[in-house]
Amino acid sequence: MDVTELRVYRQSLEAFLLIEEIATQLPRELVDTKRQILRCSKAVAPIIAEGFGRRHSQKEFGHYVIQAMSSSDETITHLRTIAISKFNTVSIDELKHAAGVYKSISKQLNKLFTSLKV
């Protein structure tokens, strides 16, 4: 089995493209938020991949799944921060859509974690 067979891994790669699109629309006043949201959204797939490589130990794999879920949840928080910012230049619908995608990713990761015997 390969990590690309995990739906949550594939979706996290696709979701990063949504965040890149949002980041290109952010004004310079939100440069710190832009860096942070790119960092945490970009981290989800590699963390899943690294944990998948250590899946022989469910405890260790679980640790990586939790880390990936934390990065996904952080991405959602940054999307909410952008939405409430007075400097926001991104449509609220686009931000809500991206947040919904990351909520789905977080739920999948939570389900994966609870299925592990840790």
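Residues take numbers from 1 onward in each chain, read along the sequence in its written order. Note on the predicted model: pLDDT of at least 70 is required for a residue's local features to be given, and 80 or more for side-chain atom pairs to be given and counted; whole-chain, interface and lining totals, by contrast, use all residues. Working from all heavy atoms in the structure, the side-chain values ignore hydrogens and water.

The secondary structure listing takes helices from DSSP runs of H or I that are at least 4 residues long and strands from runs of E that are at least 2 residues long, numbered from the N terminus. The helix and strand inventory of the protein stands at 4 helices and 0 strands. Each helix and strand of the protein, placed in order from N terminus to C terminus, yields the pattern α-α-α-α. The atom set for the radius of gyration is the C-alpha atoms, and the globule formula is 2.2 Å times the number of residues raised to the power 0.38. Taken over the C-alpha trace, the protein has a radius of gyration of 15 Å; the compact-globule value for 118 residues is 13 Å, and the two agree within 12%. Dimensions along the principal axes, computed over C-alpha positions, put the protein at roughly 45 × 20 × 20 Å. Contact between two residues is taken to exist if any of their heavy atoms lie within 4.5 Å; hydrogens are not considered. Taking all contacts inside the protein whose residues are at least 6 apart in sequence as the whole, residues at least 24 apart take part in 76%.

Here a salt bridge means any side-chain nitrogen of Lys or Arg lying within 4 Å of a carboxyl oxygen belonging to Asp or Glu. A full pass over the atoms with the stated rule returns 4 salt bridges. Taking the shortest distance from any N to any O, the salt bridge between Glu50 and Arg54 comes out at 3.4 Å. Exposure remark for Arg54: the relative accessible area of 30% places this residue in the partly exposed category. Salt bridges sharing common partners tie together Glu50, Arg54 and Glu60. Residue burial is assigned from relative accessible area. The probe radius is 1.4 Å, only protein chains are included, and a residue is buried under 20% of its type maximum, exposed over 50%, and partly exposed in between.

Bringing helix α1 (residues 7-25) into the picture now. Since the α-helix advances by 3.6 residues per turn, residues separated by three or four positions end up pointing in the same direction. In this scheme, a helix's expected span is set at 1.5 Å multiplied by one less than its residue total. With 19 residues, α1 extends 28 Å between its outermost C-alpha atoms, agreeing within 8% with the 27 Å of an ideal straight helix rising 1.5 Å per residue. Among the residues of α1, Val8, Tyr9, Ser12, Ala15, Phe16, Ile19, Ile22 and Ala23 are the ones counted as buried. With its buried residues spanning 125° around the axis, α1 presents them on a single face. Across α1 from its buried face, at more than 90 degrees, point the exposed residues Arg7, Glu14, Leu17 and Thr24. On its buried face, α1 sits against α2 (31-52), α3 (58-84) and α4 (92-115). For this quantity, the arc is that covered by the directions from the helix axis to the C-beta atoms.

It is worth spelling out the packing of aromatic side chains at this point. For Phe, Tyr and Trp, rings pair up if their centres lie within 6.5 Å, where Trp contributes its six-membered ring, and each pair is then called stacked (planes under 30 degrees apart), edge-to-face (over 60) or tilted (otherwise). Scanning the model with the defined rule gives 1 aromatic pair in all. Here the aromatic rings of Phe52 and Phe61 are separated by 6.4 Å at their centres, their planes lie at 80°, and the arrangement is edge-to-face. Of note, Arg55 hangs over the ring of Phe52, and the distance from its end group to the ring centre comes to 4.0 Å. Two conditions define a charge sitting above a ring: the NZ of Lys or the CZ of Arg must be within 6 Å of the ring centre, and it must be within 35 degrees of the ring normal.

Turning to its location among the elements, Val101 is positioned in helix α4. Once the C-alpha coordinates of Val101 and Ser12 are considered, the two residues, 89 residues apart in sequence, prove to be 8.7 Å apart. Ignoring anything within four residues of it in the chain, the contact list for Val101 reads Ala15 and Leu18.

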